[in-house]
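One letter stands for each residue in the lines below.
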Amino acid sequence: MEEIEVHLDSSTNGALEDHNTESVQSNGITSKTSPIQRHKFVRLPLARVKAMMKKDPTCALISQDAVFLVTKATEMFIEYLAKESGKHLGASKRKTVMKRDIDCAIESSSHLCFLDGALE
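Residues numbered from 1 in each chain as written. Predicted model: local features only at pLDDT ≥ 70, side-chain atom pairs only at ≥ 80, totals over all residues. Heavy atoms only, no water.

1. A few points about the overall build of the protein
Working step 1: What the protein contains, in helices and strands, is four helices and two strands.
Working step 2: Counting only contacts in the protein whose residues sit at least 6 apart along the sequence, the fraction spanning at least 24 positions is 35%.
Working step 3: Here the protein has roughly 9,000 Å² of accessible surface; of this, 58% comes from carbon and sulfur atoms. (Helix = DSSP H or I, 4+ residues; strand = E, 2+ residues; numbered from the N terminus. Contact = heavy atoms within 4.5 Å. Areas by Shrake-Rupley, 256 points an atom, 1.4 Å probe, with all protein chains shown as cover.)

2. Here we look at the packing of aromatic side chains
Working step 1: The tally for this structure, following the rule as stated, stands at one aromatic pair.
Working step 2: Seen from their ring centres, Phe 77 and Phe 114 are 6.1 Å apart, and the 45 degrees between their planes marks the pair as tilted. With Phe 77 in helix 3 (residues 64–86) and Phe 114 in the segment after helix 4 (99–108), this pair connects stretches of sequence that are 37 residues apart.
Working step 3: Taking the relative accessible area as the measure of exposure, Phe 77 reaches 31% and is therefore partly exposed.
Working step 4: Residue Phe 114 is classed as exposed on the basis of its relative accessible area, which comes to 56%. (Phe/Tyr/Trp six-rings, centres within 6.5 Å; stacked < 30°, edge-to-face > 60°. Buried < 20%, exposed > 50% of the residue type's maximum accessible area, 1.4 Å probe, protein only.)

3. Topic: the packing of helix 2 (residues 46–54) against helix 3
Working step 1: For the pair helix 2 and helix 3, interaxial distance at closest approach is 9 Å and the crossing angle is 105 degrees. The angle between the axes of helix 2 and helix 3 places the two elements in the roughly perpendicular class. Across the interface between the two elements, Leu 46, Val 49, Lys 50 and Met 53 from helix 2 touch Gln 64, Ala 66, Val 67, Phe 68, Val 70 and Thr 71 from helix 3.
Working step 2: Across the contact of helix 2 with helix 3, the residue classes tally to seven nonpolar, two polar and one charged. (Axes fitted to C-alpha atoms, helices over the stretch in contact; angles between N-to-C directions. Parallel < 35°, antiparallel > 145°, perpendicular 65-115°, else oblique. Nonpolar A, V, L, I, M, F, W, Y, C, P; charged D, E, K, R; others polar.)

4. Considering helix 4
Working step 1: Taken as a whole, helix 4 has its buried residues at Asp 101, Ala 105 and Ile 106. In a view along the axis of helix 4, the buried residues occupy a sector of 140 degrees, so they form one face of it.
Working step 2: Elements that come into contact with the buried residues of helix 4 comprise helix 3. (Arc of directions from axis to C-beta.)

Here you go:
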């Protein structure tokens, strides 16, 4: 069983030092951490992600762990897409990512082929 450890910033106060790691195992089980600690790991608003998840009629109950993991996965996907799109900026000496850069990233990366035609 693979285990991934995530460490908090060293800038946390002394009261949180005993709980400064969160373990996420490959089977989806996570160790307990407070919502305050989880909020430091993500940049997208957890409430908005949860609201989007609740729009699915098949999801009756959504745990905070599920919201956190979906939020983190979304952030990682956006970061990957932005990096792949940014690779196409170097030749044109631009600093702004445009739709055509994202299209080029989708066409050139086999990991992003599921997005083909999604931006049209």
